[in-house]
Amino acid sequence: MSWQEKLFKTLKNYGIKIFSYVPDAGHKVLIDNAIQDSSVIALPLTSEEEGIGIAAGSYLGGSKAVLLMQSSGVGNCINQLSLIKHGQFPFLTIITMRGEFGEGNPWQFAMGEAVVPSLKSMGVSSIKIEKEEDVESTVKAALTMVFKSEKSVAILLSQKLIGAKVF
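Described below are features of the structure shown in this document. All values reported here derive from a predicted model rather than from experimental measurement. (Residues numbered from 1 in each chain as written. Predicted model: local features only at pLDDT ≥ 70, side-chain atom pairs only at ≥ 80, totals over all residues. Heavy atoms only, no water.)

1. Thoughts on the sheet that holds strand β3 (residues 64-70)
For step 1, the next point in the chain: As summarised here, the arrangement of the six strands in space is β2-β1-β3-β4-β6-β5, forming an open sheet in which the pairing is parallel. The open sheet has two edge strands, β2 (41-44) and β5 (125-129), and neither has a second partner. For this sheet the average axis-to-axis angle between neighbouring strands, irrespective of direction, equals 20 degrees.
For step 2, the next point in the chain: Pairing of β5 with strand β6 (residues 152-157) involves five bridges; the strand directions are parallel. When the sheet's bridge partners are listed, I127 is paired in β6 with I155.
For step 3, the next point in the chain: Along the sheet, helix α1 (residues 3-13) makes contact with β1 (16-21), β4 (91-96) and β6, crossing β1 at roughly 130 degrees. (Pairing = 2+ DSSP bridges. Helix = DSSP H or I, 4+ residues; strand = E, 2+ residues; numbered from the N terminus. Axes fitted to C-alpha atoms, helices over the stretch in contact; angles between N-to-C directions. Contact = heavy atoms within 4.5 Å.)

This is the structure in structure tokens:
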């Protein structure tokens, strides 16, 4: 089983029912698994910030959600993250990073470098995963932080883990 399949299984076993996403190659396996699994809802978004309202509404309705996005989408979410911060909603996002290890697209660096400070300013803790063997334990720790301690957490999947795109 690949680390991406283990990630999906861990999220599902923890009760994640809604996988909202903007299509992203780094999340392809996770998105495909969510689409194919009839016990969860795979919800494509037109923009990443829509997933924040979905996560808050899901929590209010008694369900658990995750927002899947690329690091460039974090900039689209800053204003909407005020909903999470002010309402003190638990929030989980998994972000595929760009603008770091092995990046070949200079346009990806600005937002890649701004992800952690931007999220921190909105009260979202970031946990980075660089090695495949750390995926399952890190995701379980983040799920506990979010849904037991009602915190907001971003899991950052580094380019060392997902691989840098070649241009």
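After that view of the structure, there is still more to cover.
2. Description of the pattern of salt bridges
For step 1, the next point in the chain: According to the stated counting rule, one finds five salt bridges in the structure shown.
For step 2, the next point in the chain: The residue K140 makes a salt bridge to E136 at a minimum N-O spacing of 3.4 Å. Remark: E136 and K140 occur in helix α7 (residues 135-147); sequence separation between them is four residues, near one turn of the helix.
For step 3, the next point in the chain: Classification of E136 by relative accessible area gives partly exposed; the value is 35%. (Salt bridge = Lys/Arg side-chain N within 4 Å of Asp/Glu carboxyl O. Buried < 20%, exposed > 50% of the residue type's maximum accessible area, 1.4 Å probe, protein only.)

3. Thoughts on the nonpolar core
For step 1, the next point in the chain: Counting 26 residues, the largest nonpolar core has L7, L11, F19, L92 and I94 as the members making the most contacts within it.
For step 2, the next point in the chain: When contributions to this core are tallied by element, the ones reaching two or more residues are α1, β1, α2 (28-36), β3, β4, α7 and β6.
For step 3, the next point in the chain: The greatest single-element share of this core, amounting to six residues, is contributed by α7.
For step 4, the next point in the chain: Apart from residues lying up to four places away in sequence, L7 is in contact with L30, I94, V135, V139 and L157.
For step 5, the next point in the chain: Core analysis: the next-biggest nonpolar cluster, separate from the first, contains 24 residues, I18, I95, M111 and A154 among them. (Core = buried A, V, L, I, M, F, W, Y, C linked by side-chain atoms within 4.5 Å.)

4. Quick notes on the side chain of S71
For step 1, the next point in the chain: By secondary structure assignment, the location of S71 is in the loop between β3 and α4 (74-77).
For step 2, the next point in the chain: In this structure the side chain of S71 is engaged in a polar contact, spanning 3.0 Å, whose partner is the backbone nitrogen of R98.
For step 3, the next point in the chain: With residues near it in sequence (within four places) discarded, S71 still touches I95, T96, M97, R98, M111, G112 and V115. (Polar contact = N/O pair within 3.5 Å; in protein donor to acceptor, adjacent residues only side chain to side chain.)

5. Structural notes on the environment of Q88
For step 1, the next point in the chain: Along the chain, Q88 turns up in the loop between α5 (81-87) and β4.
For step 2, the next point in the chain: Distance in space between the C-alpha atoms of Q88 and S71 is 23 Å, their sequence separation being 17 residues.

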